[in-house]
Amino acid sequence: MGRKLALLVGINYPGTKAELRGCHNDVDRMHRCLVDRFGFEEDDIRVLVDRDGSSGPLPTGANIRRALARLVGAACPGDFLFFHFSGHGTRLPAETGQDDDTGYDECIVPSDMNLITDDDVSELVQKVPDGCIFTIISDSCHSGGLLEKAKEQIGDSTRESETQSGESEESSDSPTGFRSFLKDTVRDVFKSHSRRFRSRHGSDDDEEADAQVEAEAEADGDDHTKSRSLPLSTPIEMLKQQSGKEDVDVGSIRMTLFNFFGEDASPKVKKFMKVMFLKYCEGKLGEQDGVMGMVGGLAYKLLKAKLEGGDEEEDALRPAMEQEVGGEEEVYAGARSWAPTNGILISGCQSSQTSADATTAQGSSFGALSNAIQTILEGEEGEVTNRDLVMGARKALAKQGYAQQPGLYCSDELLHVAFIC
């Protein structure tokens with residue numbers, strides 16, 4: 001019997017525009033569940049939270065990546081690995097949408113806004129030793145598709161599913177794509193709130209509910225539920241404050257993440273920077289270059305400004321140049337062809353949806369998915385399969401009036417395996 005190793009991350013972003021309420025509680029409940037129900041040893045559970053008075057390291061992007069690397073690096077065949085993230089999620093328009101499952105880079109949002117992308121998660125799972133199972137719960141928005149190329153057992157986040165359902169796809173490397181995905185995020189937030197309103201007040205009038213919820217949100221911030229989606233305007237504003245630079249926008253977000261975090265930036269971001277730099281040096285990237293659309297044009301301008309800044313600015317590109325890149329396609333979202341066979345993702349919602357951070361009238365706060373999982377486990381004494389857990393969570397959330405739909409991504413072999421073996 002192998003060991004059971006876990007990393008639990010809960011981020012409430014206190015004192016910021018992104019503040020949530022239930023993420024610390026989600027981690028505390030999962031910690032107790034792992035020990036009491038599943039037999040984890042206390043020493044084998046690592047917790048990262050941004051709670052006041054916490055003596056441990058903060059859940060920054062660098063600290064989360066290091067903790068995940070240690071989790072996977074310590075694993076041996078037969079071990080069980082578990083990662084629970086409770087916090088904000090966001091998604092970036094892909095550099096090109098042609099080869100991606102969803103057309104975006106889904107991300108989880110650390111306390112310092114140093115985004116961790118779907119490719120980062122997938123590359124980590126690829127390093128898990130054979131004979132191990134790595135289960136990930138991401139109670140965050142846009143979490144469907146966070147494990148790139150994993151088979152979508154429950155959900156409709158992939159581009160194949162969208163095409164089958166007749167929805168139109170819009171290239172995310174166009175200016176319209178940038179704008180539309182931000183509008184989609186706002187729309188999904190109000191859709192979730194509206195459904196909750198209709199459930200509470202018995203209204204079947206969508207327009208009336210939408211108007212009422214929007215009015216409530218403007219009046220008091222909607223204290224009952226808050227979206228765990230982070231519109232890019234918020235991290236952009238926070239990065240401006242942290243970096244002291246005003247030239248941050250959607251199209252240059254990857255450049256900004258690299259400029260600010262350097263060596264600690266996402267490997268995906270560093271690969272992007274390296275390819276852009278090489279294209280620039282080879283004269284293949286110009287202001288009007290259509291290879292990478294709007295992103296390519298912005299990259300050209302920013303790289304030109306950086307290189308004209310002198311040796312010190314050029315040296316700042318070192319972390320990107322030292323990043324291994326197997327090919328140019330690696331900077332595109334979802335370009336890898338392998339499918340993880342030992343990874344399981346339980347997502348809080350679909351890639352296009354938002355997840356809820358809820359507060360009861362009694363003042364108890366939690367993530368809607370995390371709460372549903374705990375409720376199901378508390379009501380079942382025996383094993384619960386991954387499929388049954390996600391289907392049960394879907395039914396529970398729908399009954400409570402939430403629009404979010406949890407997803408399950410794993411191989412066929414792991415579909416009916418017990419949650420946390």
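Residues numbered from 1 in each chain as written. Predicted model: local features only at pLDDT ≥ 70, side-chain atom pairs only at ≥ 80, totals over all residues. Heavy atoms only, no water.

Novice: Could you clarify how one ought to interpret the environment of Gln-353 in this entry?
Specialist: Among the secondary structure elements, Gln-353 is positioned in the loop between β10 (343-347) and β11 (356-359). With relative accessibility at 16%, the residue Gln-353 sits in the buried group. Counting along the chain gives 124 residues from Gln-353 to Ser-229, while the straight-line C-alpha distance between them is 8.4 Å. (Helix = DSSP H or I, 4+ residues; strand = E, 2+ residues; numbered from the N terminus. Buried < 20%, exposed > 50% of the residue type's maximum accessible area, 1.4 Å probe, protein only.)

Novice: Is there a simple way to explain the nonpolar core in this structure?
Specialist: Within soluble globular proteins, side chains that are nonpolar tend to cluster in buried spots. Leu-7, Val-9, Tyr-13, Ile-64, Leu-81, Phe-83 and Phe-134 are the most contacted members of the largest nonpolar core, which has 57 residues in total. In contact with Ile-64, other than residues within four places in its own chain, are Leu-7, Val-9, Ile-11, Leu-48, Pro-59, Phe-83, Pro-110 and Ile-116. Counting 38 residues, the second-largest nonpolar core is a separate cluster that includes Ile-133, Ile-344, Leu-369 and Ile-376. (Core = buried A, V, L, I, M, F, W, Y, C linked by side-chain atoms within 4.5 Å. Contact = heavy atoms within 4.5 Å.)

Novice: What am I meant to see in the sheet that holds strand β9 (residues 225-227) here?
Specialist: As summarised here, the arrangement of the 3 strands in space is β9-β11-β12, forming an open sheet in which the pairing is antiparallel. Two strands close off the open sheet at either side, each with one partner strand: β9 and β12 (365-367). On average, each strand axis in the sheet is tilted by 20 degrees relative to the strand beside it, whichever way the strands run. One ladder, built from 3 bridges, connects β11 with β12; its direction is antiparallel. Each bridged residue has a counterpart across the sheet, and for Ala-358 the counterpart in β12 is Phe-366. This element, helix α13 (residues 368-379), spans β11 and β12 of the sheet and lies at about 90 degrees to β12. (Pairing = 2+ DSSP bridges. Axes fitted to C-alpha atoms, helices over the stretch in contact; angles between N-to-C directions.)

Novice: What exactly am I supposed to notice about the packing of helix α1 (residues 23-36) against α13 here?
Specialist: The angle between the axes and the distance between the axes are what describe a pair of packed helices. Packing of α1 against α13 brings their axes to within 10 Å, and their N-to-C directions diverge by 25 degrees. Regarding the angle of α1 to α13, the classification is roughly parallel. The chirality of how α1 crosses α13 is left-handed. Residue-level contacts link Asp-26, Arg-29, Met-30 and Cys-33 of α1 to Ser-370, Asn-371, Gln-374, Leu-377 and Glu-378 of α13. (Parallel < 35°, antiparallel > 145°, perpendicular 65-115°, else oblique. Left-handed = near helix turned anticlockwise from the far one by under 90°.)

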